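Architecture at a glance
Spelled out, the chains give:
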Amino acid sequence: MLTTIVRKEFTETMRDGRVRTAAIALLLLLGGSLLYGARQTRLLAAERDTARQLTRAHWVTQPPKGPHSAAHYGIYAFKPRATLATLDDGVDPYVGVTTWLEAHKQNEFQFRPAQDATSAQRFGALTAATTLQLLVPLLIVLLGFSAFAGEREQGTLRQVLSLGVKPTTLGTGKALGIAAGLGVVLVPATVLGVVAMTGLDRTTTDMSRVALLIVCYLAYYIAWLGLTLTISAFAKTGRVALAGSLGVWMLVSVLAPRFMTDVVRTMHPTPSAAVFAAAMKRDMDGGIDGHGGADEREKQFEQAVLQKYNVDLLSQLPVSFAGLSLEEGERHGNEVYDTHFAALWATFAKQERVRELAAVFSPVLAMRSLSMALAGTDVAQHLHFQQASEAYRRTLMSAMNGEITTKAKGKDFEYKADGALWSSVAPFTYEAPSVSWVVQRHVPALLLLGVWALGMMMMVVWSIRRMTP
Amino acid sequence: MLQATGLSKSFGAHVALQPLTLTVSPGEVFCLLGANGAGKTTTINLFLDFEPRSGGSATVNGLDVAQHSLETKRLLAYIPEQVNLYRNLTGLENLTYFQQLSGQAPMGREQLLQLCDRVGLPKGAADKRVSDYSKGMRQKVGIAIAIARQARALLLDEPTSGLDPQASNEFSAVLNDLREQGVAILMATHDLFRAKETGTRIGIMKHGAMVDEFAAADIGHTDLEQLYLRHMRN
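The rules behind these values
Residues numbered from 1 in each chain as written. Chains lettered and ligands numbered in written order. Predicted model: local features only at pLDDT ≥ 70, side-chain atom pairs only at ≥ 80, totals over all residues. Helix = DSSP H or I, 4+ residues; strand = E, 2+ residues; numbered from the N terminus. Rg over C-alpha atoms; globule rule 2.2 N^0.38 Å. Buried ≥ 20, exposed ≤ 12 C-beta atoms within 10 Å, placed from the backbone. Contact = placed C-beta atoms within 7 Å. Expected span 1.5 Å × (residues − 1). Bend = angle between axes of the 7 residues up to and from the residue. Pairing = 2+ DSSP bridges. Axes fitted to C-alpha atoms, helices over the stretch in contact; angles between N-to-C directions. Nonpolar A, V, L, I, M, F, W, Y, C, P; charged D, E, K, R; others polar. Parallel < 35°, antiparallel > 145°, perpendicular 65-115°, else oblique. Left-handed = near helix turned anticlockwise from the far one by under 90°. Core = buried A, V, L, I, M, F, W, Y, C linked by C-beta atoms within 7 Å. pLDDT = per-residue confidence, 0-100.

The helix and strand tally for chain A stands at 19 helices and three strands. Taken over the C-alpha trace, chain A has a radius of gyration of 29 Å; the compact-globule value for 469 residues is 23 Å, which it surpasses by more than 25%. Dimensions of chain A, computed from the C-alpha atoms along their principal axes, are close to 105 × 45 × 40 Å. Residue burial in chain A is summarised as follows: out of 469 residues, 39% are buried. The contacts of chain A with a sequence gap of at least 6 include a subset with a gap of at least 24, amounting to 85%.

If you want it as structure tokens, here you go:
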């Protein structure tokens, strides 16, 4: 009986010209965004690879010079583009993917694609994620709004129920029939996605991320299907069901994310870039919270060094004080940066937590968060890369300062190092965090998406058991 | 086969059906006559358990419809005033769908086409989409569904409303066939002529109550009309 219902629903769906048109349009959009995303990934990966090799070549081929000059010359670190970023750019266009690692400074990320965007892109770029998160639910609404309400309006529901068909069997059959219709769009899109991503660097993407992303989208679509069928089971007519479903879609897909952005900003405000930079400069010059200015710190450091080496004068030191002083400057700078960035990142984490908890009101928020996370383009993974690049910067600076300390006694800044030093610093490599690292940071979104899927399934069963013809 | 005992229905203060007692035995066609709002459709809805009853009981083959909702529905076939079918499916596909949903062993295409022929569906129409069907053709598919389901009781709600005389006549012929096969038929109708032609018993309903009940053979066409009008005027 179930097969009969599924087959009939699928046949009817496929014969509906409106659904066919919408499905073809969606397939074209999804296919286009996947192919474009894959092309971008391939292009950006190649560009970054070239730039990475070039910046390394520039570093190791520096002429003999002072290690501190080399530290200021610096080096660029490039965030590798994850293969799944083809689906979801996440925050990458806004936070940038390249940072310049130099002495004394933890620089901001540069080359943000959003800076180069045309004004038309203020309306939002069409990515596979946008299509999957916003437009596929619209197709589900289109496929499912009349499932019960339309049949009730036409009178066929009355006839079907008069046959002694269990309402839950009818509901399951309809849900599977609609899912089969949806499969006509999603299966070719998945095949296209796999083909489009063939040849991309798979080392950046753990396959378990792909598997989990598929599971999340399945749960997300189950939630939408449940929501649509529940509304259809209660609505008197197809028109009411369509208006109700579209209203909910508008509320949870368009309004809720924007509203939550404002709520999050109000609850956990972040300082402007100018205020943030000014606060760091203040602590850098005057010490954290005004404790210990530069002169005072310098004096204390000198005393500590003299005591450590058991000498009375800096000229009696067996090493270069300039190197030690530079390293101390780095240490102080790192302390200031760590304090300020830790506070900023804690605020980002709080914002993310509120955004994920708001998924109680909208499955879109949970799916959006999980999509970015599994694609490797969320804030947490941006910070992960930032921390890795900063750790490398510190290693680089320590190597340069250590060279001065140990080899520049009596020459200080006149000392010149050669290619042996530049080559001794290993190139920057970055490994994206594991899927378990990602999951640990998005437990609320995962749970809430599961609750939405399960809750909506239960709602459908509850509503169709109470359904009247 | 079909039995109502003190069956009643109220919507708030409005009494749609006063306690009704009737029996439709196998091979009997019980016609319910009455104006709109007399309680005919409510009676049928209560046998289908589409609405909760307010009092009494309705049974099909001895099973209470409220307690055995799915089982009793499987013994029934229902043809409404407008047989509503899936417009994007052909007549044959609709017939196949409803036949298979009723839990019967699936019938083959040839068997189903023979059924379409038996109920008078024009040749070639079975493979056309229902969106191109006239009301009469849809009613015929409705009867074909009822026959295909091999139901032991038929509930008909104004089945000939809007049909042309020839289609009505063909419809009556099929009902007679079914009656002769022992099917119990409860038919709500406005059509006095069809009630007299097809029915074995006739009940007249007014304001939710059965005001008269008699054997169809005991009354002539003219007498039925006068009796009906007298009840409606009172």
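Continuing now.
A separate point is the overall build of chain B. Each helix and strand counted, chain B has eight helices and ten strands in total. Here chain B has a C-alpha radius of gyration of 18 Å; the compact-globule value for 234 residues is 17 Å, and the two agree. Taking the principal axes of its C-alpha atoms as reference, chain B extends roughly 50 × 40 × 30 Å. Going through the 234 residues of chain B one by one, you find that 47% of them count as buried. Summarising the internal contacts of chain B: among those between residues at least 6 apart in sequence, 70% fall at separations of at least 24.

A few words now on helix α9 (residues 167-197) of chain A. Its 31 residues give α9(A) an end-to-end C-alpha distance of 43 Å, which sits within 8% of 45 Å, the value for a rise of 1.5 Å per residue. Along α9(A), the helix axis deviates most sharply at A:Gly183, where the bend reaches about 40 degrees.

Moving on, we come to the sheet that holds strand β3 (residues 29-34) of chain B. Residues and elements named next belong to chain B. Reading across the sheet, the six strands line up as β6-β7-β8-β3-β9-β10 and stay open at both edges, with mixed pairing between neighbours. One side of each edge strand has no neighbouring strand; the edge strands of this open sheet are β6 (76-79) and β10 (209-215). Adjacent strand axes in the sheet meet at a mean angle of 15 degrees, parallel and antiparallel pairs treated alike. Pairing between β6 and strand β7 (residues 153-157): four bridges, direction parallel. Its bridge partner lying in β7, Ala77 is registered against Leu154. The strands that helix α5 (residues 135-148) touches are β6 and β7; relative to β6, the one it contacts most, it runs at about 180 degrees.

Taken together, the 20 residues of chain B in the interface contact 19 residues of chain A. With four residues, helix α3 (residues 91-101) of chain B is the largest single contributor of residues to the side of chain B that touches chain A. Split into classes, the residues belonging to the side of chain B that touches chain A amount to twelve nonpolar, six polar and two charged.

It is worth spelling out the packing of α9(A) against helix α19 (residues 443-465) of chain A at this point. Residue and element names in this part refer to chain A. Where α9 contacts α19, the two axes come as close as 9 Å, and the packing angle between them is 135 degrees. With respect to α19, the axis of α9 lies oblique. In terms of crossing hand, the pair formed by α9 and α19 is right-handed. Of α19, the residues touching α9 (which contributes Pro167, Thr168 and Gly171) are Val460, Val461, Ile464 and Arg465. When its residues are assigned to classes, the contact of α9 with α19 shows four nonpolar, two polar and one charged.

Residue and element names in this part refer to chain B. In space, the four strands of this open sheet follow the order β2-β1-β4-β5, with antiparallel pairing throughout. Bordering the open sheet on either side are β2 (14-24) and β5 (63-64), each of which pairs with just one other strand. With five bridges joining them, strand β1 (residues 2-11) and strand β4 (residues 55-60) adopt antiparallel strand pairing. Across the sheet, residue Thr5 finds its bridge partner in β4, namely Ser57. Along the sheet face, helix α1 (residues 40-47) touches β1, β2 and β4 and points at about 115 degrees away from the line of β1.

What follows concerns the pairing of β10(B). All names here are of chain B. With six bridges connecting them, strand β9 (residues 201-206) and β10 associate as antiparallel partners. Counted as the bridge partner of Arg201 is Ala215 from β10. What sits between β9 and β10 in their antiparallel hairpin is a turn of two residues, with His207 showing a positive phi close to 50 degrees.

Core analysis: the largest hydrophobic core is formed by 152 residues, its most contacted members being A:Leu449, B:Ala144, B:Ala153, B:Leu154, B:Leu155 and B:Ile185. Ranked by size, the runner-up nonpolar core spans 25 residues in total, among them A:Ala71, A:Tyr392, A:Met397 and A:Tyr415.

Before going further, it helps to examine unusual backbone geometry. If you check the backbone angles, A:Asn310 has positive phi at about 60 degrees while not being a glycine. By secondary structure assignment, the location of A:Asn310 is in the loop between α13 (294-309) and α14 (321-357). Look at B:Gln150: it is not a glycine, yet its phi comes out positive at around 50 degrees. The exposure class of B:Gln150 is partly exposed, given the 13 C-beta atoms found within 10 Å.

On to the environment of A:Ala46. Residues and elements named next belong to chain A. When you line up the elements, Ala46 lands in helix α2 (residues 17-60). Take Ala46: there are 12 C-beta atoms within 10 Å of it, and that puts it in the exposed class. Along the sequence, Ala46 and Trp100 sit 54 residues apart, while their C-alpha atoms lie 19 Å from each other.

With that out of the way, let us pick up the pairing of strand β2 (residues 98-102) of chain A. Residues and elements named next belong to chain A. Judged by which residues are buried, β2 turns out to be one-sided: Thr99 and Leu101 face inward and are buried, whereas Thr98, Trp100 and Glu102, on the alternate face, are not. The pairing of strand β1 (residues 75-78) with β2 spans four bridges and is antiparallel. Following the sheet pairing, Tyr76 is matched in β2 by Trp100.

Attention shifts here to the packing of helix α11 (residues 238-267) of chain A against α14(A). All names here are of chain A. Between α11 and α14, whose axes approach to 10 Å, the crossing angle comes to 140 degrees. In the crossing of α11 with α14, the sense of the turn from one axis to the other is right-handed. From α11, Met260, Val264 and Met267 reach across to α14, where they touch Gln351, Val354 and Arg355. Residue composition of the contact of α11 with α14, by class: four nonpolar, one polar and one charged.

Now for the environment of B:Val141. Position of B:Val141 among the secondary structure elements: in helix α5. Overall, B:Val141 belongs to the buried group, with 26 C-beta atoms counted inside 10 Å.

Below, the discussion takes up the confidence of the model for chain A. All names here are of chain A. Mean pLDDT over chain A works out to 85, with 93% of the residues at or above the 70 mark. Within chain A, the lowest mean pLDDT, 48, falls on helix α5 (residues 113-116), and the highest, 94, falls on α19. In the predicted structure, residues 111-123 sits below a pLDDT of 50 and forms ten contacts with residues beyond four places in sequence or in another chain.

It is worth spelling out the environment of A:Arg18 at this point. Along the chain, A:Arg18 falls in helix α2. A residue is classified by how many C-beta atoms lie within 10 Å of it, and A:Arg18, with 8 of them, is exposed.

Turning to the confidence of the model for chain B, a few remarks are in order. Per-residue confidence for chain B gives a mean pLDDT of 89; residues scoring 70 or more make up 100%. Here the complex is predicted with pTM 0.83, and the ipTM for its interfaces comes to 0.82.

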